[in-house]
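Working through the structure, step by step
One-letter residues, chain by chain:
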Amino acid sequence: MTSKIIKGMLGSAAALAITASGAFAQEVTLKLHQFLPAQANVPKLVLDVWADKVEADSDGRIKIDRFPSMQLGGSPPELLDQAIDGVADITWTVVGYTPGRFPSTEVFELPFMVEDARAASCAYWTMFEEHMKDTEFAGVKILGTWVHGPGMFHTADPVETPSDLEGMKIRGGSRLVNQLLELAGATPVGMPVPAVSEALSKGVIDGTTIPWEVTASLKVPELVENHTEFEGPALYNLTFVMAMNQDVFDGLPADLQAVIDNNSGMDFSVFAGGTQSDVDAPVRADVVEMGNNIITITDTSEWQELVNPLYNTWVADMKGRGLDGQALIDQAKSLMSGECAGATGSL
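The following refers to the structure shown. (Residues numbered from 1 in each chain as written. Predicted model: local features only at pLDDT ≥ 70, side-chain atom pairs only at ≥ 80, totals over all residues. Heavy atoms only, no water.)

Observations regarding the nonpolar core
Membership of the largest hydrophobic core comes to 64 residues, with the highest contact counts inside it found for Phe-35, Trp-50, Trp-146, Phe-153, Leu-165, Ile-260 and Trp-303. Looking at which element gives the most residues to this core, the answer is helix H2 (residues 41-57), with 6 residues. Apart from residues no more than four positions distant in its own chain, Ile-260 is found in contact with Leu-30, Trp-50, Val-54, Ile-62, Leu-143, Met-244, Phe-249 and Leu-252. Among the nonpolar cores identified, the runner-up in size contains 37 residues, and Ala-83, Val-107, Cys-122 and Ala-243 belong to it. (Core = buried A, V, L, I, M, F, W, Y, C linked by side-chain atoms within 4.5 Å. Buried < 20%, exposed > 50% of the residue type's maximum accessible area, 1.4 Å probe, protein only. Helix = DSSP H or I, 4+ residues; strand = E, 2+ residues; numbered from the N terminus. Contact = heavy atoms within 4.5 Å.)

Have a look at this one:
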């Protein structure tokens, strides 16, 4: 046996012995990709908190490199496929950026459906595990499912009644939001959140639908002066997923898989939705301080009457996809008012 082979065998044995002894543990670097600037609230208060916790819980064996603002290339609607295809190991995205592809998630995007982001995020995870995990999201590992706080209007001209939207070009974040805008006589303009600032500044759109939370990083209150919010259930909400490449997860040692799993799922989903929603209040307070015009709709009956047809349309659409839309609506409402009411989650 040659000395080169012997040295190689000894080297391998030594490496195995060191690994087995724990003196040198396997290290994994994961790429986390998303569409917002690093200083925006979701990256800062949710994604970084999650990544830091995973790194700490793995004793540094997992390192998560963060790539904000689509730094790995592509566009926001491609993020979920980037996780599936391995362009990134983990991605966070708006489900509605791929309209109709994950139809069951849309139950939480129906108008005046959601009143509490934590309860809705809890219900979303519950229904994801029951209805979506092995069907619509088969082939990718979903780490968290959540919704943002109340969606609302931010416009150049005031919006108090549905008729005020007539003729306006308004950015919508999902196909259901776009349908809502059409019912009000507005022209919906589909675009990911990062494009909103430029579109407003150039007059491409007259306003946008987003929650308070993200307006600061997009400088929306500096570009338009009118903000229309709704008491009670939200005008709309958007759904999010945080996804991981399944093969990458499967290739991790069991103990590192456990670190990922222990920081994902129900608690993480409720934490993420609640944290994102909680930022609405301080951002709103800053806009009040700026002196912008905030319109609060206390009687939403006119708006609800306008958008009620969307429920029947959506149920019929789901039936055409082989899904029981009414059952999804009933289950979501039951969970949000029942076992998910008052949900709390933490990392």
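Next, the rest of the story.
Considering the environment of Thr-300
By the element assignment, Thr-300 lies in the loop between strand E11 (293-297) and helix H13 (301-307). With relative accessibility at 10%, the residue Thr-300 sits in the buried group. C-alpha separation for the pair Thr-300 and Pro-282, spaced 18 residues apart in sequence, amounts to 24 Å. Other than its neighbours up to four places away in sequence, Thr-300 contacts Phe-112, Phe-230 and Glu-231.

Overview of helix H14 (residues 309-320)
In an α-helix, one turn spans 3.6 residues; hence positions three or four apart end up facing the same way. Here H14 contains 12 residues, and its C-alpha end-to-end distance of 17 Å stays within 8% of the 16 Å for a straight helix at 1.5 Å per residue. Those residues of H14 lying buried are Leu-310, Tyr-311, Trp-314 and Met-318. On an axial view of H14, the arc spanned by its buried residues comes to 100 degrees, and they lie on one face. Exposed side of H14, more than 90 degrees from the buried face: Asn-312, Lys-319 and Gly-320 are the residues found there. Looking one or two residues past H14, Gly-322 carries a phi angle of roughly 80 degrees, positive in sign. (Expected span 1.5 Å × (residues − 1). Arc of directions from axis to C-beta.)

Side note on the environment of Ser-58
Its place among the elements puts Ser-58 in the loop between H2 and strand E2 (62-67). Judged by relative accessible area, Ser-58 falls into the buried class, the value being 3%. The sequence separation of Ser-58 and Tyr-236 amounts to 178 residues, and the corresponding C-alpha distance is 38 Å. Ignoring anything within four residues of it in the chain, the contact list for Ser-58 reads Leu-256 and Val-259.

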